[in-house]
Amino acid sequence: MTSATGRWLVRAGAALAVASLGLTVDNLRRIRTPSPSPDVADPDDVVLLLPVRDEAGRVVDAVQELVVAARHWPGRARVVVLDDASSDGTTTLLAELAGRADLRDVLEVVPGTPTPPGWLGKPWACHQLAGAAGGAGVLVFVDADVALTADGLTATVDLLRSSGLDLVCPYPHQEARGPAERLVQPLLQWSWMSTLPLGLAERSPRPSLTAANGQLLAVDTGAYRRAGGHAAVRDQVLEDIALLRAVKASGGHGVVADGSRVASCRMYDGWADLRQGYAKSLWSAFGTPAGAAGVTALMVLTHVVPALAALRGSRTGLAGYAASVAARALVARRTGSRVLPDAAAHPLSVALLGALTADSVLAHRRGTLRWKGRPVEVSR
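The sections below set out a description of the structure shown in this document.

About the cut-offs
- Residues numbered from 1 in each chain as written.
- Predicted model: local features only at pLDDT ≥ 70, side-chain atom pairs only at ≥ 80, totals over all residues.
- Heavy atoms only, no water.
- Buried < 20%, exposed > 50% of the residue type's maximum accessible area, 1.4 Å probe, protein only.
- Helix = DSSP H or I, 4+ residues; strand = E, 2+ residues; numbered from the N terminus.
- Pairing = 2+ DSSP bridges.
- Right-handed = clockwise from strand over helix to strand, strands pointing away.
- Axes fitted to C-alpha atoms, helices over the stretch in contact; angles between N-to-C directions.
- Contact = heavy atoms within 4.5 Å.
- Phe/Tyr/Trp six-rings, centres within 6.5 Å; stacked < 30°, edge-to-face > 60°.
- Parallel < 35°, antiparallel > 145°, perpendicular 65-115°, else oblique.
- Left-handed = near helix turned anticlockwise from the far one by under 90°.
- Nonpolar A, V, L, I, M, F, W, Y, C, P; charged D, E, K, R; others polar.
- Expected span 1.5 Å × (residues − 1).
- Salt bridge = Lys/Arg side-chain N within 4 Å of Asp/Glu carboxyl O.
- Core = buried A, V, L, I, M, F, W, Y, C linked by side-chain atoms within 4.5 Å.

A word on the pairing of strand E2 (residues 77-83)
At step 1: Of all seven residues in E2, seven are buried, a share of seventy percent or more.
At step 2: Note that strand E1 (residues 46-52) and E2 share seven bridges and pair parallel. Bridge assignment links Pro 51 to a residue of E2, and that residue is Leu 82.
At step 3: Taken together, E1, helix H2 (residues 59-72) and E2 form a β-α-β motif whose crossover is right-handed.
At step 4: In terms of handedness, the path from E2 via helix H3 (residues 90-98) over to strand E3 (residues 107-111) forms a crossover that is right-handed.

Shown next, in the form of structure tokens:
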């Protein structure tokens, strides 16, 4: 690489970092946030839908939190839990919860059936849950590792209705405790906050302008049915993004929101768990291996190259590095994550995400990906 090429790359990366910071600032002004004390005049019937598989360490707390949230809803709300062939004691714990007299008015536990050919486990579980929801006006899908606040359901459904959207995903605060988690997990919110124009994304039907999060996802039942429900995304690893794209394709609208005040989530516990979790999905996040390589290269150009140049005394590189850190810090402050020193290590975070992406693509090519005992591919 010539020195002229190197300088051009540094300038290009720094310019992209500054542009990304500008978009982040604009998105922080626009992003929808659930109201902490909404006034719900005409409450829908709502069903909270929880798929679980081998969640013995978390399932009791998860169900009890959802029950509390359901009882805070001013209308009729139920909690339906699907036990997806658990083998770790989850089934026994759910039976005990379902048998409690104080929960019978709000809680229903249903057993899952075997995943049929052509389906992945998560979409099949959600499909069964939606079938058990009856005539509810709003479906709220929640993952077992999400802790929902007492007013989280009310705030989420109010956001869906007051925004006039068909699907909203209040993105939970991502808990990160160890070094690997602190490096990688904050990138989940930063990634779309710094690259996706939210004002355009929530109204545009373009698939590329789509971000979603199945950890906490509320959808109008009619829009869900028109989109084909989870049957339309039966073979998708990132079924949440695919579901929003299906809603858009059927004429609906939706977007991610800032749900850090109504929910939190500890996705992974340490490096090994985190690596396995990202391996199962990153290979599909960018469409193709070429897409993954292209996006990774662009992220490295924008957030790593300027930082490396700054270490060698480049003022342009320093400006690019400062812009990257500023965007990361602003998102962290908004979503309740650590600001410093974590944001200062942003180039390292991006480099690690690139390595995780490469790891995921290679593992998928080898056919070695599994999650909770199942292959991460559909059976035909």
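Concerning the sheet that holds strand E9 (residues 254-258)
At step 1: Read from one edge to the other, the open sheet built from seven strands follows the order E3-E2-E1-E4-E8-E6-E9, with strand pairing classed as mixed. Each having just a single partner strand, E3 and E9 make up the two edges of the open sheet. The sheet shows a mean angle of 20° between the axes of neighbouring strands, taken without regard to direction.
At step 2: Strands in contact with helix H4 (residues 121-131) are E1, E2, E3 and strand E4 (138-142); relative to E1, the strand with the most contacts, it is inclined by about 145°.

Observations regarding the packing of aromatic side chains
At step 1: Applying the stated rule across the entire model yields four aromatic pairs.
At step 2: Measuring from ring centre to ring centre gives 5.1 Å for Trp 119 and Trp 124, while their planes differ by 70°; the resulting arrangement is edge-to-face.
At step 3: Judged by centre distance (5.5 Å) and plane angle (50°), the rings of Tyr 268 and Tyr 278 are tilted. In this pair, Tyr 268 sits in the loop between strand E10 (263-265) and helix H11 (271-282) while Tyr 278 sits in helix H11, placing the two residues ten residues apart along the sequence.
At step 4: In this structure Tyr 278 comes out as buried when scored by relative accessible area, which is 6%.

Some remarks on the pairing of E9
At step 1: Among the five residues that make up E9, five are buried, leaving the element largely enclosed by the rest of the structure.
At step 2: Alternating residues of E9 divide into Gly 254, Val 256 and Asp 258 and Val 255 and Ala 257, and every residue in both groups is buried.
At step 3: In this sheet, E9 lies alongside strand E6 (residues 167-171) in parallel orientation, the contact comprising five bridges. Bridge pairing in E9 places Tyr 171 opposite Asp 258.

With respect to the packing of helix H1 (residues 3-30) against helix H14 (residues 315-335)
At step 1: With their axes 8 Å apart at the nearest point, H1 and H14 run at an angle of 25° to one another. Relative to H14, the element H1 lies roughly parallel. In this structure, the crossing between H1 and H14 has a hand that is left-handed. Contact residues: Val 10, Arg 11, Ala 14, Ala 17, Val 18, Leu 21, Thr 24, Val 25 and Leu 28 in H1; Thr 316, Gly 317, Gly 320, Ala 323, Ser 324, Ala 326, Ala 327, Leu 330, Val 331 and Arg 334 in H14.
At step 2: Of the residues in the contact of H1 with H14, the class split is twelve nonpolar, five polar and two charged.

A short note on H1
At step 1: Taking 1.5 Å of rise per residue, the 28 residues of H1 would be expected to cover 40 Å, and the 41 Å separating its terminal C-alpha atoms lies within 8% of that figure.
At step 2: Listed in full, the buried residues belonging to H1 are Gly 6, Val 10, Ala 12, Gly 13, Ala 14, Ala 17, Ser 20, Thr 24, Asn 27 and Leu 28.

Thoughts on the sheet that holds E10
Pairing between the strands of a sheet is mediated by backbone hydrogen bonds and can be parallel or antiparallel.
At step 1: The strand order across the open sheet formed by three strands is E5-E10-E7, and the pairing between neighbours is mixed. The two strands at the open ends of the sheet, each matched to only one other strand, are strand E5 (146-148) and strand E7 (173-174).
At step 2: Where E7 and E10 come together, two bridges link them in parallel fashion. Directly across from Gln 174, in E10, lies its bridge partner Cys 265.

Concerning the pattern of salt bridges
At step 1: The final tally for this structure, using the stated rule, is 19 salt bridges.
At step 2: Here Lys 122 and Asp 143 are joined by a salt bridge, their closest N and O atoms 3.2 Å apart. Here the residue Lys 122 occupies a position in helix H4, and Asp 143 occupies one in the loop between E4 and E5, the gap between them amounting to 21 residues.
At step 3: A relative accessible area of 17% places Asp 143 in the buried class.
At step 4: Between Glu 239 and Lys 122 there is a salt bridge, with its nearest N and O atoms 3.3 Å apart.

Points about unusual backbone geometry
For residues besides glycine, phi is generally negative; the peptide bonds are generally trans as well.
At step 1: In this structure, Pro 341 follows Leu 340 across a cis peptide bond, with omega equal to 5°.
At step 2: Within the fold, Pro 341 resides in the loop between H14 and helix H15 (346-366).
At step 3: Despite not being glycine, Ala 85 has its phi angle at roughly 55°, a positive value.
At step 4: Among the secondary structure elements, Ala 85 is positioned in the loop between E2 and H3.

Re the nonpolar core
When a protein is soluble and globular, its nonpolar side chains tend to lie buried together.
At step 1: Of all hydrophobic cores here, the largest spans 91 residues; its most connected members are Val 140 and Leu 153.
At step 2: A total of seven residues in this core trace back to one element, the largest contributor, which is H2.
At step 3: Core analysis: the second largest hydrophobic core is formed by nine residues, Val 237, Ala 279, Ala 363 and Leu 369 among them.

A short note on the environment of Ser 281
At step 1: The residue Ser 281 is located in helix H11 in this model.
At step 2: Taking the C-alpha atoms as reference points, Ser 281 and Thr 24, 257 residues apart in sequence, are found 25 Å from one another.
At step 3: In this structure, Ser 281 is in contact with Val 237, Leu 238 and Ser 360, ignoring residues within four places of it in sequence.

Honestly, that's just the spatial picture; any functional story needs more than this.
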